[in-house]
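A structural walkthrough
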Amino acid sequence: AQSVAQPEDQVNVAEGNPLTVKCTYSVSGNPYLFWYVQYPNRGLQFLLKYITGDNLVKGSYGFEAEFNKSQTSFHLKKPSALVSDSALYFCAVRDFAPSGTYKYIFGTGTRLKVLA
Amino acid sequence: EAGVAQSPRYKIIEKRQSVAFWCNPISGHATLYWYQQILGQGPKLLIQFQNNGVVDDSQLPKDRFSAERLKGVDSTLKIQPAKLEDSAVYLCASSRGGETQYFGPGTRLLVL
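Below you will find a few notes about this structure.

**Observations concerning the state of the cysteines**
Two cysteines joined by a covalent bond between their sulfur atoms form a disulfide. According to the stated counting rule, one finds two disulfides over all chains in the structure shown. The residue that forms a disulfide with Cys23 of chain A is Cys91 of chain A, at a sulfur-sulfur distance of 2.0 Å. Measuring the twist about the S-S bond at about -65°, one finds the Cys23 of chain A-Cys91 of chain A disulfide to be left-handed. Of the two residues, Cys23 of chain A sits in the loop between strand S3 (19-21) and strand S4 (24-26) while Cys91 of chain A sits in strand S10 (residues 87-96), which places them 68 residues apart along the sequence. The same class applies to Cys23 of chain A and to Cys91 of chain A, which are both buried. For Cys23 of chain B, the disulfide goes to Cys92 of chain B, at an S-S distance of 1.9 Å. Taking the sign of the S-S torsion, about -70° here, the bridge from Cys23 of chain B to Cys92 of chain B comes out left-handed. Taken together, the residues Cys23 of chain B in strand S3 (residues 19-24) and Cys92 of chain B in strand S9 (residues 88-95) connect sequence positions 69 residues apart.

So this is what it looks like as structure tokens:
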């Protein structure tokens, strides 16, 4: 079965500095990987996804993620962090459901705190 | 394009009571998901519908949870009777088949 791991419960970064939120995956076959962000009292918002092609994926709000097959990683990055980026970030992988359709497996989440 | 709608946003009940949550997916999205998100954890899939049929309910506690998606559009998730450990945020999401999921704002349930 597919799985993702987010090794850091929390990441702190100063405003204006680059940020990285880590995600590693375990899949059989080609991975479909996603990043979502959750602000307080809100649902999850889609940031970006990797299906195939360029290893550097660009998404919403200036975020990007780098797919690294040899390291089985899909880290989320942003060149310059904003205080408003402070939120909970989830990595997810698409897996096959027993019925033959798809389901999504989410990581445990990483809380990003950007300090002014 | 309107997003995924959920109601209510908040609900407080006592244990052993029943509660129902409603979700209206994005128009044209055949796949609908219900997730349970306990504080500090990632979302856990409870049930997945493809149109009005269930395709995965392997993690749904069927002795107390039920869900339906009549007419393949909106959906209702019910808990009866509720337990303290059911306190969580219940998220609804929809997608076109296996493509990107879009989430509603969630319903925060507190069981006392």
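**Description of the nonpolar core**
Within the largest apolar cluster, 27 residues are counted, with the highest numbers of intra-cluster contacts made by Trp35, Leu47, Leu48, Phe74, Leu76 and Tyr89 of chain A. Of all elements in the fold, only strand S2 (10-14), S3, strand S5 (33-38), strand S6 (44-50), strand S8 (64-68), strand S9 (73-78), S10 and strand S12 (110-115) of chain A reach the threshold of two or more residues within this core. Among the elements that line this core, the one with the most residues is S10 of chain A, at four residues. Look past the residues within four positions of Phe74 of chain A in its chain and what remains in contact with it is Cys23, Leu33, Phe34, Trp35, Leu48, Lys49, Tyr50, Ala65, Glu66 and Phe67 of chain A. Listed in part, the 21 residues of the second largest apolar core include Phe49, Ala82, Tyr90 and Cys92 of chain B.

**A closer look at the interface of chain A and chain B**
How big an interface is tends to be expressed through the accessible area that disappears when the partners come together. Between chain A and chain B, the residue contacts involve 22 residues of the former and 24 residues of the latter. Taking both sides of the interface into account, the surface hidden between chain A and chain B amounts to around 1700 Å²; carbon and sulfur atoms contribute 49%. Among the residues of chain A in contact with chain B, Asn41, Leu44 and Tyr104 of chain A are the three that bury the most area, contributing 29% of the side total. The interface formed by chain A and chain B contains one salt bridge. If you list the elements that add at least two residues to the side of chain A that touches chain B, you get S5, S6, S10 and strand S11 (102-106) of chain A.

**Quick word on the packing of aromatic side chains**
All names here are of chain A. Summed over all chains, the structure comprises 17 aromatic pairs over all chains. Note on Tyr25 and Phe67: the rings are 5.8 Å apart at their centroids and 20° apart in plane angle, and the pair reads as stacked. With Tyr25 in strand S4 and Phe67 in strand S8, the pair connects residues that are 42 residues apart, well separated along the chain. Given a relative accessible area of 7%, Phe67 falls into the buried group. Centre to centre, the rings of Tyr50 and Phe74 are 6.4 Å apart; their planes meet at 55°, and the pair counts as tilted. With a gap of 24 residues between them, Tyr50 in strand S6 and Phe74 in strand S9 connect regions that are remote in the sequence. Accessibility expressed as a relative area gives 0% for Phe74, which makes it buried.

Reading the values: the criteria
Residues numbered from 1 in each chain as written. Chains lettered and ligands numbered in written order. Predicted model: local features only at pLDDT ≥ 70, side-chain atom pairs only at ≥ 80, totals over all residues. Heavy atoms only, no water. Disulfide = S-S within 2.5 Å. Helix = DSSP H or I, 4+ residues; strand = E, 2+ residues; numbered from the N terminus. Buried < 20%, exposed > 50% of the residue type's maximum accessible area, 1.4 Å probe, protein only. Core = buried A, V, L, I, M, F, W, Y, C linked by side-chain atoms within 4.5 Å. Contact = heavy atoms within 4.5 Å. Buried area = accessible area lost by both parts, 1.4 Å probe. Salt bridge = Lys/Arg side-chain N within 4 Å of Asp/Glu carboxyl O. Phe/Tyr/Trp six-rings, centres within 6.5 Å; stacked < 30°, edge-to-face > 60°.

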